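Here is how the chains run, residue by residue.
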Amino acid sequence: MYEKPRYHFILISQEINNPYWKLVLKGAEDAARNNNVAIEFRGPVESNLEQHIQLIEMAIASRVDGILTQGLEEAKFQPVIDKAIARGIPVITVDTDARTSKRLTYIGTNNYQAGYQAGKHMAEALHGQAKIGIITGSFEASNMIERLQGFQDAIRDEPGMQIVAIESSNISRIRAMEKTATLLNHHPEINALFGASALDGMAMAQVAFNRGRHDLYILAFDGLPETIDWMKKGVIAATVVQEPYQMGYHSVEQLIDAIQGKRLQPSYYTDIHILTADQLNRRGVGAKE
């Protein structure tokens, strides 16, 4: 017998077809199913701040019961998040925070710490000697800014660790491949690559494999299946594993708690860890969900 959902929530992501966000959605859908909630998933086909904000505006206009969204660029997202709160619609930021907004809480990685761990890991793995090229998903998104800052701070006291150049993929695999090729063409001295978003590492791996660059130490972000495959092949050396499924699941639960008048903490950080190819091949450890 059909039972009408208690609430109608919407999850708005930076890029709707990104496999990372499919994992966030899976967690949100499972939590919604277990709590008799309807969850809708929306986002731009390719990363676009204006379209993302417009989707939040549309969610406000349709008077959904709750909004889950990335914060991305705070100056642009704060007004629309605060507008939703003013209209009585609870908003939780997921994966990317907007601290200056009136969002109820943030659920996701401590992105500064993730970047810091990545930098410390690379410095240790390469014995403090590397010429590094970085591909980041965006120069504007707060989670990317925090990851880069953490990485830079982690290697600040390592004189042999030098960041040669940083490029943006704009959350596009094709662009990440183009930017990787640019880095390697313009800076042949690069012997290490760090990809700060989910699609960057696998793009770096494809370029390195095509060029036969077996000397490159590639540190990726996230434990997506293709990233794991490249690690099994020995092309990607390590990756920073987040918990996107848990982000989605807990964000729905917290939104329900908020509607029911329960007090939320300012933030809920999900776990991160570094997974290396050696660990993967030695123990058969895969990506966590």
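Note: the structure precedes this text.
Residues numbered from 1 in each chain as written. Predicted model: local features only at pLDDT ≥ 70, side-chain atom pairs only at ≥ 80, totals over all residues. Heavy atoms only, no water.

### Here's the deal with helix α6 (residues 173-186)
Over its 14 residues, α6 extends 20 Å from the first C-alpha to the last, a length consistent with the 20 Å expected when each residue adds 1.5 Å. Those residues of α6 hidden inside the fold are in contact with β6 (130-136), β7 (161-168), β8 (192-195) and α7 (198-211). (Helix = DSSP H or I, 4+ residues; strand = E, 2+ residues; numbered from the N terminus. Expected span 1.5 Å × (residues − 1). Contact = heavy atoms within 4.5 Å.)

### Examining the nonpolar core
By size, the foremost hydrophobic cluster in this structure holds 54 residues, and its most contacted members are L11 and I218. Among the elements that line this core, the one with the most residues is α7, at 8 residues. For L11, the residues in contact, after removing those within four places along its chain, are W21, V24, L25, A28, I39, E40, F41, R42 and L68. (Core = buried A, V, L, I, M, F, W, Y, C linked by side-chain atoms within 4.5 Å. Buried < 20%, exposed > 50% of the residue type's maximum accessible area, 1.4 Å probe, protein only.)

### What to know about empty space enclosed by the protein
Using the criterion set out here, one finds 1 cavity of 30 Å³ or more in the structure. Of the volumes computed, that of the largest cavity is approximately 140 Å³. Around the largest cavity, the lining comprises 16 residues; the ones closest to its centre are N18, Y20, I171, S197 and A198. Of all the elements in the fold, those that place two or more residues in the lining of the largest cavity are α1 (19-34), α5 (142-154) and α7. (1 Å grid on protein atoms, 1.4 Å probe; cavity = no way out; pocket = protein on both sides within 12 Å on 5 of 7 lines; lining within 4 Å. Points joined across faces, edges and corners; volume = space filled by probe spheres on them.)

### Some points on the packing of aromatic side chains
Considering all chains together, one arrives at 8 aromatic pairs under this definition. Taken together, a centroid distance of 6.4 Å and an interplanar angle of 50° make the contact between F194 and F221 tilted. Of the two residues, F194 is situated in strand β8 and F221 in strand β9 (residues 217-221); the sequence distance between them amounts to 27 residues. We classify F194 as buried; its relative accessible area is 0%. (Phe/Tyr/Trp six-rings, centres within 6.5 Å; stacked < 30°, edge-to-face > 60°.)

### Focus: the environment of L72
Within the secondary structure, L72 is located in the loop between β3 (66-69) and α3 (74-86). Looking at L72, the relative accessible area reads 1%, which means it is buried. Note: C-alpha distance between L72 and T96 (24 residues apart in sequence) is 5.7 Å. Discounting chain neighbours no more than four positions away, the residues touching L72 are Q14, L49, H52, F77, T96, D97, A141 and S142.

### Regarding the layout of surface pockets
The calculated volume of the largest pocket comes to roughly 150 Å³. Lining the largest pocket are A208, F209, R213, H214, L216, Y217, I218, K233, G234, V235, I236 and A237. Looking at the lining of the largest pocket, its residues break down into 8 nonpolar, 2 polar and 2 charged. (Nonpolar A, V, L, I, M, F, W, Y, C, P; charged D, E, K, R; others polar.)

### Comments concerning the pairing of β6
Burial within β6 is extensive, with 6 of its 7 residues counted as buried. Bridging between β6 and β7 involves 7 bridges; their strand directions are parallel. Bridged to I132 within β7 is I163. In terms of handedness, the path from β6 via α5 over to β7 forms a crossover that is right-handed. Two strands pair when backbone bridges link them, and β6 and β8 are joined in this way by 4 bridges, in the parallel orientation. Within β8, the position partnered with I134 by the bridge is F194. (Pairing = 2+ DSSP bridges. Right-handed = clockwise from strand over helix to strand, strands pointing away.)

### Regarding the sheet that holds β9
Spatially, 6 strands are ordered β7-β6-β8-β9-β10-β12 in an open sheet, and the strand pairing comes out mixed. The sheet is open, and its two edges are formed by β7 and β12 (273-276), each paired on a single side. Between one strand and the next, the sheet's axes are offset by a mean angle of 20°, whatever the strand orientation. Here α5 sits on the sheet in contact with β6, β7, β8 and β9, set at roughly 170° to β6. (Axes fitted to C-alpha atoms, helices over the stretch in contact; angles between N-to-C directions.)

### Brief notes about the environment of R173
Assignment of secondary structure puts R173 in helix α6. Here the alpha-carbon distance between R173 and H52, two residues 121 residues apart in the chain, equals 19 Å. Residues contacting R173, with those up to four places away along its chain left out, are L199, M202, A203, Q206 and E226. Engagement of the side chain of R173 in a polar contact is seen with the side chain of E226, the distance being 2.7 Å. (Polar contact = N/O pair within 3.5 Å; in protein donor to acceptor, adjacent residues only side chain to side chain.)

### Considerations on the sheet that holds strand β1 (residues 7-12)
Backbone hydrogen bonds hold the strands of a sheet together, and the pairing may be parallel or antiparallel. Strands sit in the order β2-β1-β3-β4-β5-β11 across an open sheet of 6 strands; the sheet is parallel. Two strands close off the open sheet at either side, each with one partner strand: β2 (37-42) and β11 (267-269). Averaged over all pairs of adjacent strands, the angle between strand axes in this sheet comes to 20°, irrespective of strand direction. For β3 and strand β4 (residues 91-94), the ladder comprises 3 bridges, and the chain directions are parallel. Bridged to L68 within β4 is I92. Sheet contacts for α3: β3 and β4; angle to β4, the most-contacted strand, approximately 145°.

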